[in-house]
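Descriptive structure summary
Each chain, letter by letter, is given below.
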Amino acid sequence: MKRTLREVAEYVGAILIGDAHAEVAGVASIRSANAGDLVFVDDRRLLESALSSGATAVIAGDFGGRQLQAKPLLIADQPRLAFARAAAWLLQENPILTSVHASAIVAPTAQLENCVSVGERAVIREGASVGENSSIGAGCVIGRDVKIGRDCRIHSNVTIYPGATLGDRVIVHAGAVLGSDGFGYVRDSKTGRYEKFPQIGRLEIEDDVEIGANSTVDRGALDVTRIRRGTKIDNLVHVGHNVDIGEDVVIAAQTGLSGSAVVEDNVIIGGQVGIADHVRIESGAILGAQSGIPSKKVIRGKGVVFWGTPARPIKEYLKELATLAKLTRHSKGD
Amino acid sequence: MKRTLREVAEYVGAILIGDAHAEVAGVASIRSANAGDLVFVDDRRLLESALSSGATAVIAGDFGGRQLQAKPLLIADQPRLAFARAAAWLLQENPILTSVHASAIVAPTAQLENCVSVGERAVIREGASVGENSSIGAGCVIGRDVKIGRDCRIHSNVTIYPGATLGDRVIVHAGAVLGSDGFGYVRDSKTGRYEKFPQIGRLEIEDDVEIGANSTVDRGALDVTRIRRGTKIDNLVHVGHNVDIGEDVVIAAQTGLSGSAVVEDNVIIGGQVGIADHVRIESGAILGAQSGIPSKKVIRGKGVVFWGTPARPIKEYLKELATLAKLTRHSKGD
Amino acid sequence: MKRTLREVAEYVGAILIGDAHAEVAGVASIRSANAGDLVFVDDRRLLESALSSGATAVIAGDFGGRQLQAKPLLIADQPRLAFARAAAWLLQENPILTSVHASAIVAPTAQLENCVSVGERAVIREGASVGENSSIGAGCVIGRDVKIGRDCRIHSNVTIYPGATLGDRVIVHAGAVLGSDGFGYVRDSKTGRYEKFPQIGRLEIEDDVEIGANSTVDRGALDVTRIRRGTKIDNLVHVGHNVDIGEDVVIAAQTGLSGSAVVEDNVIIGGQVGIADHVRIESGAILGAQSGIPSKKVIRGKGVVFWGTPARPIKEYLKELATLAKLTRHSKGD
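As the structure is a prediction and not an experimental result, all values here were calculated from the model. (Residues numbered from 1 in each chain as written. Chains lettered and ligands numbered in written order. Predicted model: local features only at pLDDT ≥ 70, side-chain atom pairs only at ≥ 80, totals over all residues.)

Digging into the overall build of chain A
Within chain A, the secondary structure is distributed over 4 helices and 41 strands. When its C-alpha atoms are laid out on the principal axes, chain A stretches across 80 × 80 × 30 Å. Across the 334 residues in chain A, those meeting the buried criterion constitute 57%. The contacts in chain A between residues at least 6 apart in sequence include a share of 21% that link residues at least 24 apart. (Helix = DSSP H or I, 4+ residues; strand = E, 2+ residues; numbered from the N terminus. Buried ≥ 20, exposed ≤ 12 C-beta atoms within 10 Å, placed from the backbone. Contact = placed C-beta atoms within 7 Å.)

Observations regarding the sheet that holds strand β6 (residues 57-60) of chain B
Residues and elements named next belong to chain B. The strand order β2-β7-β6-β5-β4 describes an open sheet built from 5 strands, whose pairing is mixed. The two strands at the open ends of the sheet, each matched to only one other strand, are β2 (15-17) and β4 (26-27). Bridge count between β2 and strand β7 (residues 73-75): 3 bridges; the pairing is antiparallel. Each residue of the ladder has a partner; that of I15, found in β7, is I75. Across the sheet, helix α3 (residues 79-90) touches β4, β5 (37-41), β6 and β7, and the angle it forms with β5 is around 160°. (Pairing = 2+ DSSP bridges. Axes fitted to C-alpha atoms, helices over the stretch in contact; angles between N-to-C directions.)

Re the interface of chain B and chain A
Many structure descriptions define interface size as the accessible area lost when the parts assemble. If you look at the interface, chain B gives 45 residues, while chain A gives 43 residues. Breaking the side of chain B that touches chain A down by element, the ones donating at least two residues are α3 and α4 (314-332) of chain B. Take the side of chain B that touches chain A: its biggest share by element is 6 residues, from α3 of chain B. Its residues assigned to classes, the side of chain B that touches chain A shows 18 nonpolar, 20 polar and 7 charged. (Nonpolar A, V, L, I, M, F, W, Y, C, P; charged D, E, K, R; others polar.)

A word on the relation of the copies chain B and chain A
The transformation that overlays chain B on chain A combines an axial shift of 0.0 Å with a rotation of 120°, and the residual RMSD is 0.0 Å. Here the transformation between the copies is reduced to the relation of a three-fold axis. A share of only 20% of the interface residues of chain B reappears at the interface of chain A, consistent with the copies meeting through non-equivalent patches. (Least-squares fit on C-alpha atoms with pLDDT ≥ 70 in both.)

Brief notes about unusual backbone geometry
All names here are of chain B. In this model, T309 is joined to P310 through a cis peptide bond whose omega is -5°. Residue Q254 is not a glycine yet carries a positive backbone phi of 70°. By C-beta crowding, Q254 is classed as buried, having 31 other C-beta atoms within 10 Å.

With respect to the domain arrangement of chain A
Partitioning chain A into domains gives domain 1 (3-90) and domain 2 (99-314). Of note, the centres of domain 1 of chain A and domain 2 of chain A, computed from C-alpha atoms alone, are 36 Å apart. (Domains from an automatic or database assignment.)

Side note on the interface of chain C and chain A
Listed per partner, the contact involves 43 residues of chain C and 45 residues of chain A. The element contributing the most residues to the side of chain C that touches chain A is helix α4 (residues 314-332) of chain C, with 5 residues.

Topic: the pairing of strand β6 (residues 57-60) of chain C
Residue and element names in this part refer to chain C. The two faces of β6 match: A57 and I59 on one face and V58 and A60 on the other face are all buried. In terms of strand pairing, strand β5 (residues 37-41) meets β6 through 4 bridges, oriented parallel. Across the sheet, V39 pairs through a bridge with V58, a residue of β6. Across 3 bridges, β6 lies against strand β7 (residues 73-75) in parallel orientation. For A60, the partnering residue across the bridge sits in β7 and is I75.

Side note on the packing of helix α1 (residues 5-12) of chain B against α3 of chain B
All names here are of chain B. Taken N-terminus to C-terminus, the directions of α1 and α3 make an angle of 120°; their axes are 10 Å apart at the nearest point. Here α3 runs oblique to α1, going by the angle between their axes. Read as a crossing pair, α1 and α3 show a hand that is right-handed. In this structure, α1 contributes V8, Y11 and V12 to the contact, and α3 contributes A82, R85, A86 and W89. Within the contact of α1 with α3, the residues separate by chemical class into 6 nonpolar, no polar and 1 charged. (Parallel < 35°, antiparallel > 145°, perpendicular 65-115°, else oblique. Left-handed = near helix turned anticlockwise from the far one by under 90°.)

Re helix α3 (residues 79-90) of chain C
Residue and element names in this part refer to chain C. Helix length check: α3, at 12 residues, gives a terminal C-alpha distance of 16 Å against a target of 16 Å (1.5 Å per residue), a fit within 8%. Across the 12 residues of α3, 9 count as buried, placing the element largely inside the fold. Listing the buried residues of α3 in full gives P79, L81, A82, F83, A84, R85, A86, A87 and L90. (Expected span 1.5 Å × (residues − 1).)

Focus on the pairing of β5 of chain B
All names here are of chain B. Burial within β5 is extensive, with 5 of its 5 residues counted as buried. The side-chain alternation of β5 yields two buried faces, one formed by D37, V39 and V41 and the other by L38 and F40. When β4 meets β5, the two strands line up parallel, connected through 2 bridges. Bridge assignment links V27 to a residue of β5, and that residue is L38.

Digging into the environment of G163 of chain C
Residue and element names in this part refer to chain C. Considering the arrangement of structural elements, one finds G163 in the loop between β18 (159-160) and β19 (165-166). Along the chain, G163 and H238 lie 75 residues apart, while their C-alpha atoms are 19 Å from each other. The contact partners of G163, leaving out residues within four places of it in the chain, are G143, D145, V146, G179 and R202.

Concerning the environment of V12 of chain A
Residue and element names in this part refer to chain A. On the secondary structure map, V12 appears in helix α1 (residues 5-12). Note on V12: 21 C-beta atoms within 10 Å, which makes it buried. Separated by 71 residues in sequence, V12 and F83 have C-alpha atoms that sit 8.1 Å apart.

Quick word on the environment of V41 of chain A
All names here are of chain A. For V41, the position within the fold is in strand β5 (residues 37-41). Residue classification places V41 among the buried positions, given that 24 C-beta atoms sit within 10 Å. Through-space distance from the C-alpha of V41 to that of L51 is 9.8 Å; in sequence the pair is 10 residues apart. V41 has contacts with L46, L47, A50, V58, A60 and P79, leaving out every residue within four places of it along the chain.

Quick word on the sheet that holds strand β4 (residues 26-27) of chain A
Residue and element names in this part refer to chain A. As summarised here, the arrangement of the 5 strands in space is β2-β7-β6-β5-β4, forming an open sheet in which the pairing is mixed. With one partner strand each, in any of the chains shown, β2 (15-17) and β4 form the two edges of the open sheet. Here helix α3 (residues 79-90) sits on the sheet in contact with β4, β5, β6 (57-60) and β7 (73-75), set at roughly 160° to β5.

Rendered as structure tokens:
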């Protein structure tokens, strides 16, 4: 959608230096920008290349002075954020028409609010509900009594087991599985065989959560698995039963959280991290990629980075690595 | 299904202390239990809270004495196991009617036994067979000549490549892929290019196996990949070609087994463990989360826990960590 | 398809010693071979067992002399390669008839070239194209404007997001997701909330790439994610946005590559390796299983094996492990 720079500046709360009537319709990186694109810089050293790019205008921090430049500038406190918001605004999809594809199979008791889109061959079972403006991708299977809020995007071939609830503006990428059985068995001490512990709890995913492609989130065993507002989860992540993930948590790809782990608000978790059962990661901690937290441990330290298996503060871990390297060099001289 | 406590006690082999006519219809955790629910305790310290919960009755070990309590008690040798069995019995799904959804595509030569349920849009190809009381989820693709036993539950959007065989009571969660090509190539030393080594072997999954959501199990290259009776596999696990997994093995989420690995009976494998090609894990060994077993190694030790990469007995590994921490503290003083 | 040994020898460029008219129709391992099968040996110590197997003929290196043996020999420079080629030739599927299953949903503006096969319930959206002799599996969702080359095999339940391009002879296994949104957010420093950074770039997969079951490949954020010619990727691998993977790279299962990582040609990457953002793995390096490469690192060394987290040359790593074990033993004696 074409917008004048005046409109964009107003929308993102930026100060406009330059031609208010110039129009943009998209965003790009500096190296690929063409006329009609917005670009951004959050580092003054990149301002020159942004100004000499093919873009129509540049969102920048307040480091360039406010004089007229080769291109219009939109000066923002948080230029990357302003760029993200401008992009979302310029690139928003056309309003979705209410459209349930003829090949979709929607149970008579399922409830679709206004402007819901249901893709080819999607299945929506008895008692499920989908809120306004949400879309269900092709091939999805939405189980019995699942509740999906408004403005959600459920991409193709997602499976949601019965009874899970999703808030508003939740995005679920293709192939994800939500609400599957947790991994819980009881071993019969007489026969040595494993029998299934009941996996009959709930899954609650709150507003503004995003879940990556082919990730899996198990429902609670007897109680609930919960992912709270604003948390972002990458691809191929595993969330076990009874896990409780706080608000505004970020979890990178291929990380796994075992049963009953608790992750408090604002935690940042790298890729391939392993969090064992009953662990508690307290608010604001940061777990480096591939770190491992053993069963029942508590990780505490706002803004502290932990690394290694078992995870320890990264400064300690790096000192240990340095000590070991030094001792090894010395022992060469033996 | 409602059952009297007398019926439940008899079914699970427990001693009933209290009102034999009271009825239960479900199970719950202590904190969420309501009237009609069974709860369990396997730790005497939790008995009080179970007795003061909303539950109708409590399955407990024989640690509380046998006098009448505030609630009926069902005293069992293995209370967690008795609870799991009671849950399975009370919560069993209604008998499945033979029901092949009109949108399913079942080849004329596919054979469905009595009481098979086939979900919406499932595809069952030529020569495949599905045993009594098994259900095939919506969107599944069951390849040519696949054999599925009786009482199996194949959840939605599962893909099974041609020729795989599954025993009885096998559970496969949504999105899993069974029988895919193994990862085998031959590099042409003249061109440096990789060419596909034939991946034409079989996949055999025995009775009572459960496979988690989005896990992948490759078929053999020339021979067979086998998962034996009673083994339980969590989500996002990878099983490579020609792997042989024994009976009653437990494998937690995101673990990977490379080609031709052998895992003997009763092994327990934590999450995110990496098992390289041609490794042998001998009977009863325990691999801690994130441990790594290098190519061709043999891990031996019934009941011994191994940890780290390369994996070693956990006592050694912990001593090494302690040594390193101590040396690092000292070197600070340098 | 039955072929005489003369035909096979000619096709793979081997020297035939023995009955040129004997026929083979398949391949097998030595232990499972029957009449009509080809087997191979690339180690002279296995020649005896190959000769006494049930196979009709043996592909071997030039280590057995050229006298007549108990079975016909096909002597090749690279016997494993000759075997792989013979297998591909003998086992090739019958020519695919143009066949779009009646249940598939192909948009009017999608373009299917000659001899394209489209499986049950597959969806091919507006503007997509599929080249000659390619097949699209059951349940696949091929997004708007996706371009798929010729002789591709897209297995069942694969999702390809809009605009991705695949070259010729690309194989994608079941459940893989190609072109999903990358994991990029901007945190609003005022509210602490994460907002989505635009994920609107492209995904380009070149000729002869193979991608394993349930793997996920994100499209670029603003630019492109690229996987170059001949690269082979195993199951459950994650490729983040803006990643650039070179030619003839091999990536084993469950490895993850974070945003903007670069992997040059001929790199070999083991399973469960973690490659952080903006890493560069230079040509010909080898990363051992579970190794981890921290953000922005450059790994250099043709033919050098790296291991550990953070990854270092394996010789160093093994020395460090030995040093630590030695120091730990000594400290026992304290």
